[in-house]
Amino acid sequence: MINEQHTNKYIYTYVHHVDEYDLCRMEMRSFFGVDSSLNYMISNIEVDPSRSPFIQDRLEVLFEDHSIENIKKLVKNLIVGEKTYKVVCLNNFVIGKTKKISQPERRRIERELGLCIEGDPDLNYPEVIFGLILIDGKWYFGKHMKSESIWRKHLHKPNSYSTALSTRVARAVANIAVPQPQNIRAIDPCCGIGTVIVEALSMGIDIEGRDINHFVCSGSRENMAYFGLQGKITLGPISEVTEHYDVAIIDLPYNLFTHSSREDQYNILKHARRIADRVVVVTIETIDDLIHDAGFIIADRCIAKKQSFLRQILLCQ
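Quick notes on the rules
- Residues numbered from 1 in each chain as written.
- Predicted model: local features only at pLDDT ≥ 70, side-chain atom pairs only at ≥ 80, totals over all residues.
- Heavy atoms only, no water.
- Pairing = 2+ DSSP bridges.
- Helix = DSSP H or I, 4+ residues; strand = E, 2+ residues; numbered from the N terminus.
- Axes fitted to C-alpha atoms, helices over the stretch in contact; angles between N-to-C directions.
- Contact = heavy atoms within 4.5 Å.
- Expected span 1.5 Å × (residues − 1).
- Buried < 20%, exposed > 50% of the residue type's maximum accessible area, 1.4 Å probe, protein only.
- Arc of directions from axis to C-beta.
- Domains from an automatic or database assignment.
- Buried area = accessible area lost by both parts, 1.4 Å probe.
- Salt bridge = Lys/Arg side-chain N within 4 Å of Asp/Glu carboxyl O.
- Polar contact = N/O pair within 3.5 Å; in protein donor to acceptor, adjacent residues only side chain to side chain.
- 1 Å grid on protein atoms, 1.4 Å probe; cavity = no way out; pocket = protein on both sides within 12 Å on 5 of 7 lines; lining within 4 Å.
- Points joined across faces, edges and corners; volume = space filled by probe spheres on them.
- Nonpolar A, V, L, I, M, F, W, Y, C, P; charged D, E, K, R; others polar.
- Core = buried A, V, L, I, M, F, W, Y, C linked by side-chain atoms within 4.5 Å.
- Right-handed = clockwise from strand over helix to strand, strands pointing away.

(A) Inspection of the sheet that holds strand 6 (residues 128-135) at higher detail. With mixed pairing, the 7 strands of this open sheet are ordered in space as 2-1-3-7-6-4-5. Bordering the open sheet on either side are strand 2 (40-43) and strand 5 (118-121), each of which pairs with just one other strand. Between one strand axis and the next, the sheet turns through 40° on average, direction left out of account. Of the strand pairs in this sheet, strand 6 and strand 7 (residues 138-146) are connected by 6 bridges, and their pairing is antiparallel. Each bridged residue has a counterpart across the sheet, and for Leu132 the counterpart in strand 7 is Phe141. Packing against the sheet, helix 1 (residues 21-32) makes contact with strand 1 (10-14) and strand 2, and its axis sits at approximately 165° to strand 1. Against the sheet, helix 3 (residues 103-114) engages strand 4 (79-89), strand 6 and strand 7, with an angle of about 160° to strand 4.

Below is the structure:
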């Protein structure tokens, strides 16, 4: 049992490609209500770091002080009990305006701080990992959770096509649509090969899929089964949906299986307005007029880049 001081403060560090800057910030706003131009976020909102393709670490802050010596005194109050532990310093890259701490210096800090904790250290297989991070002259110490890149496992699926969303973009889109999955029902009525479905289901989001093409429906089901995920994929157009959902995710058709005219796009959006309270639209064309004509207001947006290929991500209410 760890004796700890709860502050309800979390620090998230971010790593992403320059092309993913806008998408990362839109996901930030979805999770936290605000974004940051820096590569970290401090919030009282708890998010599993493995949900985001951009979050690298999460530190649940237990103590903070401008002096590392005071941090050493504070951690002496921790009672780890029979659990093994280790300490990691997270300043292995530039964080905001704080320079990277060299590896020898990080190891020295970890060793000295670890010796101040009463318990059984284990550098290889610890049951508890404590983290330490320096940001703008202040040290933060707490429980550390490393993000697991679950989306990487989904890169190699049985069925895919070149114009489908990347697993990273699909995961971020699912987070933008459903930042808090509890008691939320979602639908992807143009699910294609199921890239969004796989990411959403792997995060515990209650989502079902639908498509008008039986080949991609079969491919989507096969992809889900390949990763041990269970979900419902229905063959048919969005116009046949009779149930109501909290949110819909719509990657408007533009691939080799299905192409949609502006009239088709408007009809999809019109039915989306009928079946869902909120909709996240992915489009390669500017369709603001169709969005508004369907009765939506665009609450947030960004551009997702894949080399020279641009997609607009629109959060509509």
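From this point on, the discussion continues.
(B) Expanded view of helix 3. Helix length check: helix 3, at 12 residues, gives a terminal C-alpha distance of 16 Å against a target of 16 Å (1.5 Å per residue), a fit within 8%. Looking only at helix 3, the buried set comprises Arg106, Ile109, Glu110, Leu113 and Gly114. The buried residues of helix 3 occupy an angular sector of 125° when projected down its axis, which confines them to one face. Facing away from the buried side of helix 3, by more than 90 degrees, are the exposed residues Pro104 and Arg111.

(C) The arrangement of the domain arrangement of the protein in detail. Segmenting the protein into domains produces domain 1 (10-146) and domain 2 (150-316). A straight line from the C-alpha centre of domain 1 to that of domain 2 covers 34 Å. At the junction of the two partners, domain 1 supplies 17 residues and domain 2 supplies 24 residues. Broken down residue by residue, the surface that domain 1 buries against domain 2 is led by Leu23, Met26 and Arg51, which jointly contribute 41%. Connecting domain 1 to domain 2 are 2 salt bridges. The tally of links from domain 1 across to domain 2 stands at 11 residue pairs in polar contact (both at pLDDT 80 or more).

(D) Expanded view of helix 2 (residues 68-75). Within the span of helix 2, buried status applies to Ile68, Ile71, Lys72 and Val75. For helix 2, the angular spread of the buried residues around the axis is 105°, confining them to a single face. Of the surrounding elements, those touching the buried residues of helix 2 are strand 3 (55-65), helix 3, strand 6 and strand 7. Measuring from the backbone nitrogen of Glu69 back to the side-chain oxygen at the start of helix 2 gives 3.2 Å, which picks out Ser67 as the cap.

(E) Spatial organisation of the layout of surface pockets. Put simply, the second largest pocket is a space of about 390 Å³. Considering each element in turn, the lining of the second largest pocket owes the most residues, 3 residues, to helix 5 (residues 167-177). Within the lining of the second largest pocket, the residues separate by chemical class into 6 nonpolar, 7 polar and 6 charged.

(F) Structural context of the sheet that holds strand 12 (residues 276-283). The 7 strands are arranged 10-9-8-11-12-14-13 in an open sheet whose pairing can be described as mixed. This sheet does not close on itself; its edge strands, each paired only once, are strand 10 (233-235) and strand 13 (298-306). Adjacent strand axes in the sheet meet at a mean angle of 20°, parallel and antiparallel pairs treated alike. Across the sheet, helix 1 lies against strand 13 and strand 14 (309-316), angled at about 145° from strand 13, the strand it touches most. Contacts between helix 7 (residues 214-226) and the sheet are confined to strand 9 (206-211) and strand 10, with strand 10 contributing the most and set at about 170° to the helix.

(G) Highlighting the packing of helix 2 against helix 3. Remark: helix 2 packs on helix 3, axes separated minimally by 9 Å, with the N-to-C direction vectors making an angle of 35°. For the pair formed by helix 2 and helix 3, the contact residues are Ile68, Ile71, Lys72 and Val75 on the first element and Ile109, Glu112 and Leu113 on the second. The class makeup of the residues in the contact of helix 2 with helix 3 is 5 nonpolar, no polar and 2 charged.

(H) Molecular detail of the nonpolar core. Among the nonpolar cores identified, the biggest contains 44 residues, and Tyr12, Tyr14, Leu23, Ile205, Ile207 and Ile313 are the most heavily contacted of them. A per-element tally of this core places helix 5 first, with 7 residues. When residues are assigned to domains, this core turns out to be shared by domain 1 (10-146) and domain 2 (150-316), each giving three or more. Setting aside residues no more than four positions away along its own chain, Tyr14 makes contact with Cys24, Met28, Phe32, Asn39, Tyr40, Met41, Ser52, Phe54, Ile55, Gln56 and Phe93. By size, the runner-up hydrophobic cluster in this structure holds 23 residues, among which are Leu252, Val279, Val281 and Ile298.

(I) Here's a closer look at the pairing of strand 8 (residues 185-188). Relative to strand 9, strand 8 runs parallel, the two sharing 4 bridges. Bridging across to strand 9, Ile187 finds its partner in Glu208. Regarding the hand of the β-α-β motif, the stretch spanning strand 8, helix 6 (residues 195-202) and strand 9 is right-handed. Bridge count for strand 8 against strand 11 (residues 245-251) is 2 bridges, and the pairing is parallel. Along strand 11, the bridge assignment pairs Ile187 with Ala248.

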